[in-house]
Amino acid sequence: MIDNSWTEDAWTALVEKVEKTSQVIGPRFPTMTDNTGRYALTDDTWRWVTGFWPGLLWLLHDDTNHTPFADLALQCEMRMDEALNEYVNLHHDVGFMWQLTSVKRFKSSGDMDARRRGLVAASHLASRFNIVGRYLSAWNVNDVNDSDPRGLSIIDSLMNLPLLYWASEETGDPRFRHIAIAHTETVIKHFIRPDHSVNHMVEFDPFTGEKVRVRSGQGHSITSAWSRGTSWAVHGMALAYKYTKDPRYLEVARNVADFFIRELPADNVPHWDFGVPRDDATPRDTSAGMCAACGMLLIASELEDKDAEKYLSAANAIAKSTYETFGSWDNDSDGIIRGGTFNHPQGLGIDVSLIYGDYYYVEALSKLRKI
Ligand code: GLY
């Protein structure tokens, strides 16, 4: 058994912190902290991160029943209608956005408006499937030099697929699930490398479906291993197994998790990229650590005791070290954990709090304390 005795103090500190910061952040959308420690807040409701703050509030509400958390989360969900109705700026991350908000709320309350929002978002995600290439196209605009946005597929999309599995369960129509599985097969074929690290982006020809090339985005290079991309793969493949029970998906999830664990430094908090020369000055990415830890907890929950122990113990070690070294429990910062890296190649958001790092920290802690 793991020693999770640290999680009770950590949970108390977390709830106290969010009771304070939620009064400052309100029904808005935090992205990452600036150099004063305050969260940059956005009203652009189409941004991919918008679901994480209301999602985090729902996770805390599950445990505390603190009504202001639910009120704020609901207000955020309503505000996100602007993006859902506008449609043109929607992208593959509708999963992050509406799975953590509307779908979560529908599951606990049966609210039909929440169900409708989830199904509209799932329909949008399904519509992004390129049938000849068998991939979900990530974006609408050309953010990556010399590439056709219609052909770009990214590892992060795995995390959006639960929205499709849910839509099939909810409607009884298997189309959404077929698309999720087809995209997952493409990930296994084109993204997972022989050493079980992963490509961040693969470009396809959107007309023929042929693979064009591997692209690098937030990682150091096309051959390095961006740690957050690796964590999306650990967690995303674990989710693929949860919804399909296909043993190949569990095997891939375990292999990528094993790679992630092998690359962790002595203190168990990952560097931003596993393929760069690393020393004490190399930035970390706590968001990668916490997302991977949540994936490892999911893997452990699907295994017998002896095999589960390795993933439970790695998840516990990552979360404990993040809490002790990168936890932010004073009033100097709105973030919960520091040490996140948003985009190292562009020099953006290094050693900051990222709202998705905070979200996965809360998810991991809420599970670890109940083990
Ligand atoms: N999904 C974008 C990122 O991980 O930064």
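See the structure above.
Right, let's walk through the structure included here. Worth saying up front: this structure is predicted, and the values here are computed from it rather than measured.

1. A closer look at the overall build of the protein
Here is step 1 of the chain: The number of helices and strands found in the protein is 13 helices and 9 strands.
Here is step 2 of the chain: In terms of overall size, the protein behaves like a compact globule, its C-alpha atoms giving a radius of gyration of 19 Å where 371 residues would be expected to give roughly 21 Å.
Here is step 3 of the chain: Over its C-alpha atoms, taken along the principal directions, the protein stretches across nearly 55 × 45 × 45 Å.
Here is step 4 of the chain: A total of 371 residues make up the protein; the buried ones form 60% of that total.
Here is step 5 of the chain: Summarising the internal contacts of the protein: among those between residues at least 6 apart in sequence, 67% fall at separations of at least 24.
Here is step 6 of the chain: For the protein, the exposed area adds up to about 14900 Å²; of that, 50% sits on carbon and sulfur atoms.

2. A word on the packing of helix α5 (residues 94-109) against helix α6 (residues 112-127)
Here is step 1 of the chain: Remark: α5 packs on α6, axes separated minimally by 8 Å, with the N-to-C direction vectors making an angle of 155 degrees. With respect to each other, α5 and α6 are oriented roughly antiparallel. Where α5 crosses over α6, the handedness of that crossing is left-handed. Residues V94, W98, S102, V103, R105 and F106 of α5 lie in contact with α6, whose contacting residues are M112, A114, R115, R117, G118, A121, H124 and L125.
Here is step 2 of the chain: Classifying every residue of the contact of α5 with α6 by side-chain character gives 8 nonpolar, 3 polar and 3 charged.

3. With respect to the nonpolar core
Here is step 1 of the chain: Ranked by size, the top nonpolar core spans 118 residues in total, and within it M296, Y360 and Y361 carry the most contacts.
Here is step 2 of the chain: Ranked by the residues each element gives to this core, the list is headed by helix α11 (residues 286-301), at 11 residues.
Here is step 3 of the chain: Look past the residues within four positions of M296 in its chain and what remains in contact with it is V234, A257, F260, I261, Y311, A314, A315 and I318.
Here is step 4 of the chain: Counting residues in each nonpolar core, the second largest holds 5 residues, with A138, V144, L152 and I154 among its members.

4. Regarding the side chain of H124
Here is step 1 of the chain: Relative to the helices and strands, H124 resides in helix α6.
Here is step 2 of the chain: Its relative accessible area of 7% is what places H124 among the buried residues.
Here is step 3 of the chain: Non-local contacts of H124, meaning those with residues more than four positions away in its chain, are made with Y87, L90, H91 and V94.

5. Some points on the environment of L312
Here is step 1 of the chain: Assignment of secondary structure puts L312 in helix α12 (residues 305-326).
Here is step 2 of the chain: Residue classification places L312 among the buried positions, given a relative accessible area of 14%.
Here is step 3 of the chain: Taking C-alpha positions, L312 is 23 Å from W226, a pair spaced 86 residues apart along the chain.
Here is step 4 of the chain: Setting aside residues no more than four positions away along its own chain, L312 makes contact with I2, L297, A300 and I371.

6. Side note on helix α1 (residues 7-25)
Here is step 1 of the chain: With 19 residues, α1 ought to run about 27 Å at 1.5 Å a step, and its terminal C-alpha atoms sit 25 Å apart, in line with that.
Here is step 2 of the chain: Turning to α1, its buried residues are T7, A10, W11, A13, L14, V15, K17, V18, T21, S22 and I25.
Here is step 3 of the chain: Buried residues belonging to α1 abut β1 (29-33), β2 (39-42), α2 (52-64), α3 (67-79), α12 and α13 (355-368).
Here is step 4 of the chain: Residue G26 follows α1 closely and has a positive phi angle near 65 degrees.

7. Details of the state of the cysteines
Here is step 1 of the chain: Taken as a whole, this structure holds 0 disulfides when the rule is applied.
Here is step 2 of the chain: A disulfide-free cysteine, C294 has its sulfur positioned 6.6 Å from the sulfur of C291, the nearest such atom.
Here is step 3 of the chain: Residue C294 is classed as buried on the basis of its relative accessible area of 0%.

8. Remarks on the packing of aromatic side chains
Here is step 1 of the chain: On inspection of all chains with the given rule, the structure shows 19 aromatic pairs.
Here is step 2 of the chain: With a centroid separation of 6.1 Å and 75 degrees between ring planes, the pair formed by F259 and F274 is classed as edge-to-face. Of this pair, F259 sits in helix α10 (residues 247-263) while F274 sits in the loop between α10 and α11, and the two are 15 residues apart along the sequence.
Here is step 3 of the chain: Given the relative accessible area of 7%, F259 is considered buried.
Here is step 4 of the chain: With relative accessibility at 6%, the residue F274 sits in the buried group.
Here is step 5 of the chain: Each residue in the set W48, F52, F96, W232, Y356, Y359 and Y360 is aromatic and connected to the rest through ring pairs, giving one cluster.
Here is step 6 of the chain: Note that R175 overlies the ring of F176, its terminal NZ or CZ placed 5.1 Å from the centroid.

9. Observations concerning the packing of helix α8 (residues 175-190) against α10
Here is step 1 of the chain: Orientation of α8 relative to α10, taken along the N-to-C sense of each, is 45 degrees, at an axis distance of 12 Å. On the basis of their axis angle, the class for α8 and α10 is oblique. Taken as a pair, α8 and α10 cross one another with a handedness that is left-handed. Contacts from I181, T184, E185 and I188 in α8 reach R248, Y249 and V252 in α10.
Here is step 2 of the chain: A per-class count over the contact of α8 with α10 returns 4 nonpolar, 1 polar and 2 charged.

10. What about the site of the ligand?
Here is step 1 of the chain: Neighbouring residues of the ligand: W48, D156, Q218, W226, R228, W232 and Y356.
Here is step 2 of the chain: The side chain of D156 places a nitrogen or oxygen atom 2.6 Å from a nitrogen atom of the ligand.
Here is step 3 of the chain: With the chains in place, 93% of the 200 Å² that the ligand exposes on its own is no longer accessible.
Here is step 4 of the chain: Grouping the amino acids of the shell around the ligand by side-chain chemistry returns 4 nonpolar, 1 polar and 2 charged.

Definitions and cut-offs
Residues numbered from 1 in each chain as written. Predicted model: local features only at pLDDT ≥ 70, side-chain atom pairs only at ≥ 80, totals over all residues. Heavy atoms only, no water. Helix = DSSP H or I, 4+ residues; strand = E, 2+ residues; numbered from the N terminus. Rg over C-alpha atoms; globule rule 2.2 N^0.38 Å. Buried < 20%, exposed > 50% of the residue type's maximum accessible area, 1.4 Å probe, protein only. Contact = heavy atoms within 4.5 Å. Areas by Shrake-Rupley, 256 points an atom, 1.4 Å probe, with all protein chains shown as cover. Axes fitted to C-alpha atoms, helices over the stretch in contact; angles between N-to-C directions. Parallel < 35°, antiparallel > 145°, perpendicular 65-115°, else oblique. Left-handed = near helix turned anticlockwise from the far one by under 90°. Nonpolar A, V, L, I, M, F, W, Y, C, P; charged D, E, K, R; others polar. Core = buried A, V, L, I, M, F, W, Y, C linked by side-chain atoms within 4.5 Å. Expected span 1.5 Å × (residues − 1). Disulfide = S-S within 2.5 Å. Phe/Tyr/Trp six-rings, centres within 6.5 Å; stacked < 30°, edge-to-face > 60°. Lys NZ or Arg CZ within 6 Å of the ring centre and 35° of its normal. Near = heavy atom within 4 Å. Polar contact = N/O pair within 3.5 Å; in protein donor to acceptor, adjacent residues only side chain to side chain.

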